[in-house]
Amino acid sequence: MMLFGFLACTNKPRIPEIKYSNNIVAQPIPFAKGIISTEDNSEFELTFSTDGLKAYFSRRAPNEKQKIYVSDFKNDEWTTPKLASFSTDRDETAYITPNGKFFFFGSERPVPNQPNKGNFDMNIWMMEKTDNGWGEPKPLPEPINEVQIEQEDWPSSNNNFFFSNDNITFYFTTMMRGTKSVKLYETKFDGETFSEPKTIDGIFEDEKLWIYSAVISPNGEYLVFNSYGAPGGKGGEDIFVSKKTGKGWSHAKPIGPLINSKDEESSPRFSRDGNYFFFSRAENLGNYEYGEWSIFFIETKYLDLEGLFD
């Protein structure tokens, strides 16, 4: 197993530094080709266990809803993925907190006693670590989750990804009911309750541009997300980066031509140690038609994120 010691992180668990490839990965390539990234299915949105040796990701077989699968890194290879036991409906966007205590994912499954009366509704569900694995999934409370009311359409009140790199401050992107764009929100979690979400503005000059699937790099320096049709992009859906400043987050910039292309790019993610960057890509066939999604990865250093803001 390619395990090379540990990285020290203040106020965080010690993070194992793992090589997911024996070769230099200076250009994006499919991640675990033929095992996790396949030709016949769509794969996207992955997260790693705290030790970096287990990957959860979304897979959609043709004409089926996507579900969450899990694969283990053993003897320098990824095992054949298995359907996660908790994935029983349209499920996606898995995320495990850095302390390993909580598992979040998006699901179309109905929220108890709150029937969806709209067009299409996704909500965030949470599981807590137990001695026997993960506990029963529970939906997050309002206003993080908002079940659609009559005549409400996507993306209003849709929420499927919840992220933190310090176990306290969480980020999610949604179109709150009554607003006109998908924005980035921040909430604090004390282990039991969540604070009232606050909007994070200023990432784009045009506040009408949507922000999806936002993550923060493990070193806390960069906010990375995807957006559709934003200035500087190469195709419809592209990935953008904002840098941490003394006043908050900077205006976003496109991540660059190594990642963004005429095709669709989304779902940015980092390995636990920050050494690898992952994203999903689908061929743009034109007329809003797309090929199957696959997960790609590259060594983060080749993105030169610091150079974007020189």
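Residues numbered from 1 in each chain as written. Predicted model: local features only at pLDDT ≥ 70, side-chain atom pairs only at ≥ 80, totals over all residues. Heavy atoms only, no water.

K.L.:
I tried to follow the sheet that holds strand β27 (residues 294–299) on my own but got confused; where do I start?
P.N.:
Two modes of strand pairing occur in sheets, parallel and antiparallel, and in both the strands are linked by backbone hydrogen bonds. Read from one edge of the open sheet, four strands run β3-β27-β24-β23, paired in antiparallel fashion. Lying at the two open borders of the sheet, with one neighbouring strand each, are β3 (29–30) and β23 (264–270). As paired elements, strand β24 (residues 276–282) and β27 share six bridges and run antiparallel to each other. Looking at β27, one finds that F278 is bridged to F297. (Pairing = 2+ DSSP bridges. Helix = DSSP H or I, 4+ residues; strand = E, 2+ residues; numbered from the N terminus.)

K.L.:
I'm lost on the pattern of salt bridges in this one. Help?
P.N.:
In a structure, side chains of opposite charge can pair up when their charged atoms sit close to one another. Tallied over the entire structure, the rule returns 12 salt bridges. A salt bridge links K54 to D72, with the shortest nitrogen-to-oxygen separation between them at 2.5 Å. Of this pair, K54 sits in strand β5 (residues 54–60) while D72 sits in strand β6 (residues 67–74); the two residues are 18 residues apart in sequence, bridging distant segments of the chain. For E152, the salt bridge identified is with R177, shortest N-O distance 3.1 Å. Here the residue E152 occupies a position in the loop between β13 (138–139) and β14 (162–163), and R177 occupies one in the loop between β15 (169–174) and β16 (183–188), the gap between them amounting to 25 residues. R177 gets classed as partly exposed once you look at its relative accessible area, which sits at 33%. Connected via shared salt-bridge partners are K65, D89 and E108. (Salt bridge = Lys/Arg side-chain N within 4 Å of Asp/Glu carboxyl O. Buried < 20%, exposed > 50% of the residue type's maximum accessible area, 1.4 Å probe, protein only.)

K.L.:
For this particular structure, what's the right way to read the pairing of β16?
P.N.:
Successive residues of a regular strand alternate their side chains across the two faces of the sheet. Relative to β16, β15 runs antiparallel, the two being bridged by six bridges. Within β16, the position partnered with F172 by the bridge is Y185.

K.L.:
Help me out: how do you make sense of the nonpolar core in this one?
P.N.:
A general trend in soluble globular proteins is that nonpolar side chains are found buried together. If you look at the biggest cluster of nonpolar residues, it comprises 33 residues, and the most contacted ones within it are I203, V224, F225, I255 and F277. The set of elements that each furnish at least two residues to this core consists of β18 (212–216), β19 (222–228), β20 (237–245), β24 and β27. If we ignore the near neighbours within four places in the chain, the residues touching I203 are L184, I211, L223, F225, S242, W249, S250, H251 and A252. If you look at the next biggest cluster of nonpolar residues, it comprises 17 residues, including Y20, I36, F57 and W78. (Core = buried A, V, L, I, M, F, W, Y, C linked by side-chain atoms within 4.5 Å. Contact = heavy atoms within 4.5 Å.)

K.L.:
In this structure, what is going on with the packing of aromatic side chains? I would like to understand it.
P.N.:
The geometry of an aromatic ring pair comes down to the distance between the two centres and the angle between the two planes. On inspection of all chains with the given rule, the structure shows 44 aromatic pairs. Measuring from centroid to centroid gives 4.3 Å for F189 and F194, while their planes differ by 10 degrees, and the two rings are stacked. Relative accessible area serves as the criterion here: at 5%, F189 is assigned to the buried category. Taking relative accessible area as the criterion, F194 reaches 17% and is therefore assigned buried. (Phe/Tyr/Trp six-rings, centres within 6.5 Å; stacked < 30°, edge-to-face > 60°.)

K.L.:
Please explain the pairing of β24 as it appears in this structure.
P.N.:
With respect to burial, β24 is a largely interior element, seven of its seven residues being buried. The alternating pattern of β24 places Y276, F278, S280 and A282 on one face and F277, F279 and R281 on the opposite face, and all of these are buried. Here β23 folds back onto β24 in antiparallel fashion, the turn holding five residues, of which G274 has a positive phi close to 80 degrees.

K.L.:
What is the right way to look at the sheet that holds strand β17 (residues 198–200) in this model?
P.N.:
With antiparallel pairing, four strands are arranged side by side in an open sheet as β14-β15-β16-β17. Two strands close off the open sheet at either side, each with one partner strand: β14 and β17. Where β14 meets β15, two bridges bridge the pair, whose relative direction is antiparallel. Within β15, the position partnered with F163 by the bridge is Y171.

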